[in-house]
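Listed below, chain by chain, are the residues.
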Amino acid sequence: MADSKASLSIDGKVIAELPILSGTAGNDVIDIRTLGGAGYFTYDPGFLATASCESAITFIDGGKGVLQHRGYPIDSLAKQADYLEVCYILLNGEAPSKSQYDEFSKIITNHTMVHEKLAHFFHGFLPDAHPMAMLCGVVGAMSSFYHSDLDINAADQRMRSAHRLIAKMPTIAAMAYKYSIGQPFVYPRNDLTYAENFLHMMFSVPAEEYVVSPTVARAMDRIFTLHADHEQNASTSTVRLAGSSGANPYACIAAGVASLWGPAHGGANEACLTMLEEIGSLDRVDEFVAKAKDKADPFRLMGFGHRVYKNFDPRATVMRETCHEVLQELGIEDPLLDVAMALEKVALEDPYFIEKKLYPNVDFYSGIILKAIGIPTNMFTVIFAMSRTVGWISHWDEMLGQPGQKIGRPRQNYVGEVNREFTPLKDR
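Residues numbered from 1 in each chain as written. Predicted model: local features only at pLDDT ≥ 70, side-chain atom pairs only at ≥ 80, totals over all residues. Heavy atoms only, no water.

Where an unreviewed UniProt entry is consulted, the protein chain appears under the name Citrate synthase, with the organism given as Thalassotalea castellviae. In its Sequence similarities (unreviewed entry) section, the UniProt entry covering the protein chain states "Belongs to the citrate synthase family." On record in UniProt, under Pathway (unreviewed entry), the comment for the protein chain is "Carbohydrate metabolism; tricarboxylic acid cycle; isocitrate from oxaloacetate: step 1/2." (UniProt positions renumbered as here; feature names shortened; annotations may be inferred.)

### Observations concerning the overall build of the protein chain
Scanning the protein chain from terminus to terminus reveals 17 helices and 6 strands. In terms of overall dimensions, the protein chain is globule-like: its C-alpha atoms have a radius of gyration of 24 Å, near the 22 Å expected for 428 residues. Taking the principal axes of its C-alpha atoms as reference, the protein chain extends roughly 75 × 65 × 60 Å. Classification of the 428 residues of the protein chain by burial places 46% in the buried group. Counted over contacts in the protein chain with a minimum sequence separation of 6, partners at least 24 positions apart contribute 69%. Total accessible area on the protein chain is roughly 21500 Å²; 53% of this is exposed by carbon and sulfur atoms. For the protein chain, the distance from the average position of its 38 positive side-chain charges to the average position of its 51 negative side-chain charges is 6 Å. (Helix = DSSP H or I, 4+ residues; strand = E, 2+ residues; numbered from the N terminus. Rg over C-alpha atoms; globule rule 2.2 N^0.38 Å. Buried < 20%, exposed > 50% of the residue type's maximum accessible area, 1.4 Å probe, protein only. Contact = heavy atoms within 4.5 Å. Areas by Shrake-Rupley, 256 points an atom, 1.4 Å probe, with all protein chains shown as cover. Lys, Arg positive; Asp, Glu negative; His and termini not counted. Charge placed at Lys NZ, Arg CZ, Asp CG, Glu CD.)

### Here we look at the nonpolar core
Ranked by internal contacts, the top residues of the largest apolar core, which has 115 residues, are Leu135, Met220, Phe224, Met275, Leu343 and Ile375. Considering every element that reaches this core, the biggest residue donor is helix α6 (residues 155–181), with 13 residues. Sequence-distant contacts of Met220, that is, excluding residues within four places in its chain, are made with Ala195, Phe198, Leu199, Leu370, Ile373, Ile375 and Ile383. (Core = buried A, V, L, I, M, F, W, Y, C linked by side-chain atoms within 4.5 Å.)

### Notes on the packing of aromatic side chains
The geometry of an aromatic ring pair is captured by two quantities: the separation of the ring centres and the angle between the planes. Within this structure, the stated rule accounts for 15 aromatic pairs. Pairing Phe304 with Phe364 gives two aromatic rings, centres 4.9 Å apart and planes at 55°, and the pair type is tilted. Of this pair, Phe304 sits in the loop between α12 (285–293) and α13 (314–330) while Phe364 is found in helix α16 (residues 362–373), placing the two residues 60 residues apart along the sequence. The exposure classification of Phe304 matches that of Phe364, with both residues buried. (Phe/Tyr/Trp six-rings, centres within 6.5 Å; stacked < 30°, edge-to-face > 60°.)

### Overview of the state of the cysteines
Inspection of every chain in the model, using the stated rule, returns 0 disulfides. Counting only cysteine sulfurs, Cys323 is the nearest neighbor of Cys272, a cysteine outside any disulfide, at a range of 9.9 Å. Using a relative accessible area of 0% as the deciding quantity, one classes Cys272 as buried. (Disulfide = S-S within 2.5 Å.)

### Describing helix α10 (residues 249–260)
Its 12 residues place the ends of α10 16 Å apart at the C-alpha level, agreeing with the 16 Å of an ideal helix rising 1.5 Å per residue. Of all the positions in α10, only Pro249, Tyr250, Cys252, Ile253, Ala254, Gly256, Val257 and Leu260 are classed as buried. Turning to α10, the residues buried within the fold contact α5 (131–141), α6, α9 (234–244) and α17 (380–400). For α10, the side-chain oxygen to backbone nitrogen distance between the N-cap and Tyr250 is 2.9 Å, and the N-cap itself is Asn248. (Expected span 1.5 Å × (residues − 1). Polar contact = N/O pair within 3.5 Å; in protein donor to acceptor, adjacent residues only side chain to side chain.)

### Things to note about the pattern of salt bridges
Enumeration over the complete set of coordinates arrives at 17 salt bridges. The salt bridge partner of Arg284 is Glu287, with a shortest N-O separation of 3.4 Å. Residue Glu287 is classed as partly exposed on the basis of its relative accessible area, which comes to 41%. When the shortest N-O distance is used, the salt bridge between Asp313 and Arg315 registers 3.0 Å. With respect to class, Asp313 is no different from Arg315; both count as buried. One continuous salt-bridge network, built from bridges that share partners, spans Asp149, Asp156, Arg160 and Arg164. (Salt bridge = Lys/Arg side-chain N within 4 Å of Asp/Glu carboxyl O.)

### Quick notes on the layout of surface pockets
A volume near 300 Å³ is recorded for the second largest pocket. The leading source of residues in the lining of the second largest pocket is helix α7 (residues 194–203), at 5 residues. Classifying every residue of the lining of the second largest pocket by side-chain character gives 11 nonpolar, 6 polar and 5 charged. (1 Å grid on protein atoms, 1.4 Å probe; cavity = no way out; pocket = protein on both sides within 12 Å on 5 of 7 lines; lining within 4 Å. Points joined across faces, edges and corners; volume = space filled by probe spheres on them. Nonpolar A, V, L, I, M, F, W, Y, C, P; charged D, E, K, R; others polar.)

### So, the side chain of Arg158
Here Arg158 shows up in helix α6. For Arg158, a relative accessible area of 8% translates into the label buried. At 2.7 Å, the side chain of Arg158 and the side chain of Asp397 are in polar contact.

### So, the sheet that holds strand β6 (residues 72–73)
Reading across from one edge, β4-β5-β6 is the order of the 3 strands in this open sheet, with antiparallel pairing throughout. Of all strands in the sheet, those bounded by a partner on one side alone are β4 (58–61) and β6. The sheet contact formed by β4 and strand β5 (residues 66–69) spans 4 bridges and is antiparallel. Looking at β5, one finds that Ile60 is bridged to Leu67. (Pairing = 2+ DSSP bridges.)

Following this line, the structure appears as structure tokens:
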């Protein structure tokens, strides 16, 4: 609600009275919707100081290291709930009762199969295609299979679309991986949990039984939970913008996948592994730490610090604990994992890193876990997209459920030529 107003004055003349809106937490926002009528737009590249919507889903206070979904702190959810419970909370706003959770879990489980014709889409890709290219294409193609549930104005149809996307994304992601390595697709199993089912579809083969480690399954579930939503980031904003045009949910989620694919967004944990490979061995850790401290050196440590969290990444605390559990159970001897642990020690003890708050973030630890499990780096962003689907579809559903929504139409500060005389081609 508008508690007060801000006056905009130019050359001493008040040209606009702008309402100041207060939410339940975070900064107040100035409502500038009437500013265009006074002949002005605002200029905010990257929308870093612009609230593009009202949302009740996720709250972040980067300065204090706070991340909450529907008011529930992320560390509580990661430690006390599983991913499907978090999905229910994001979609519905409240924690489910036991019966509601059981019903929701059953619905998701019953939607994990994909149409056989959809599976054929993968054979149109080259085997060495990036899995994100496959994911983007196949998710967009899902709209051609569910004609009866594409009325975006019907809340029940929007929710069925949400259920299908949450359920089928692990199946599609695992298919992308299997196709890329030339192995047969593995069908989902209804007797396994969400995380167990994904791992089974990824790593089982017809020739032998695959037993899912409870520790690895718990780690996978936490990775899903800790990446489920992150407020109005680039990919979520992309989904909202696409959705504002009235596009179907599958096209909107495919747009989110495309946005997440960028290395500045979803490729952070992949970039972390690339950095570890560049360092290569323990005897080079000190060299690269020194390079990271040198302002004149372009080298940067990936997976340390966070653009949003100026104190610490609240997801990293849980992920660190999980990371060490996985490494201890699997007992993997890998030079890159040794390098990662050495870097972690430096970041937690070196005064330079402590002073600048360059703590290991969730991408650092999740990248290490995924590598330890055996997931190739080109699948990291796919898993991120799979996890984030519930956040995307929750924001999409929230937006369409709010009255008076308009198609997104950002403005610009035009700096090009004007009123130029055009000379016909024959005279040029």
